[in-house]
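The primary structure of each chain is shown beneath.
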Amino acid sequence: MNLRPCPKCGGDASAHDSIEAWVECSACGFIPNSANQKDSEFSDGFHSSLEIAIRLWNRAVRP
């Protein structure tokens, strides 16, 4: 899946998949969370799968 640029600064995003998955802006460190996008999977921006994290990142950066 492609990652869109950061909605805050336009920087490149990087995906991380460990125990939890998340997408973070490499430039400013922005991580979307449920407060940013009205999604309640995890309120801190970390998710159960990388696919979900990427989908929510790309939703957060839609114009």
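The written sequence of each chain sets the order in which its residues are numbered from 1. Note on the predicted model: pLDDT of at least 70 is required for a residue's local features to be given, and 80 or more for side-chain atom pairs to be given and counted; whole-chain, interface and lining totals, by contrast, use all residues. Note that water and hydrogens are dropped before the side-chain values are worked out from all heavy atoms of the structure.

1. Concerning the environment of Ile31
- Relative to the elements of secondary structure, Ile31 occurs in the loop between β2 (21-25) and α1 (34-37).
- Any residue under 20% of the maximum accessible area for its type is buried, any over 50% is exposed, and the rest in between are partly exposed; the area is computed with a 1.4 Å probe on protein chains only. What makes Ile31 partly exposed here is its relative accessible area of 23%.
- Put simply, Ile31 and Ala13 are 18 residues apart on the chain and 9.5 Å apart in space, counted from C-alpha to C-alpha. Think of it this way: any DSSP run of H or I at least four residues long counts as a helix, any run of E at least two long counts as a strand, and we number them from the N terminus.

2. A few points about the confidence of the model for the protein
- Across the protein, the average pLDDT comes to 78, with 71% of residues at or above 70.
- pLDDT is defined as a per-residue confidence score from the predictor, taking values between 0 and 100. At the low end of the mean pLDDT range in the protein sits α1, at 46; at the high end sits strand β1 (residues 13-17), at 92.

3. Description of the packing of aromatic side chains
- Pairing of aromatic rings covers Phe, Tyr and the six-membered ring of Trp, with a centre-to-centre limit of 6.5 Å; geometry is then stacked below 30 degrees between planes, edge-to-face above 60, and tilted otherwise. Tallying each qualifying case throughout the model produces 1 aromatic pair.
- Ring centres of Phe30 and Trp57 lie 5.9 Å apart, and the angle between their planes is 50°; this geometry places the pair in the tilted category. One end of the pair, Phe30, is in the loop between β2 and α1; the other, Trp57, is in helix α2 (residues 50-60), and 27 residues separate them in sequence. When sorted by exposure, Phe30 lands in the same class as Trp57, which is buried.

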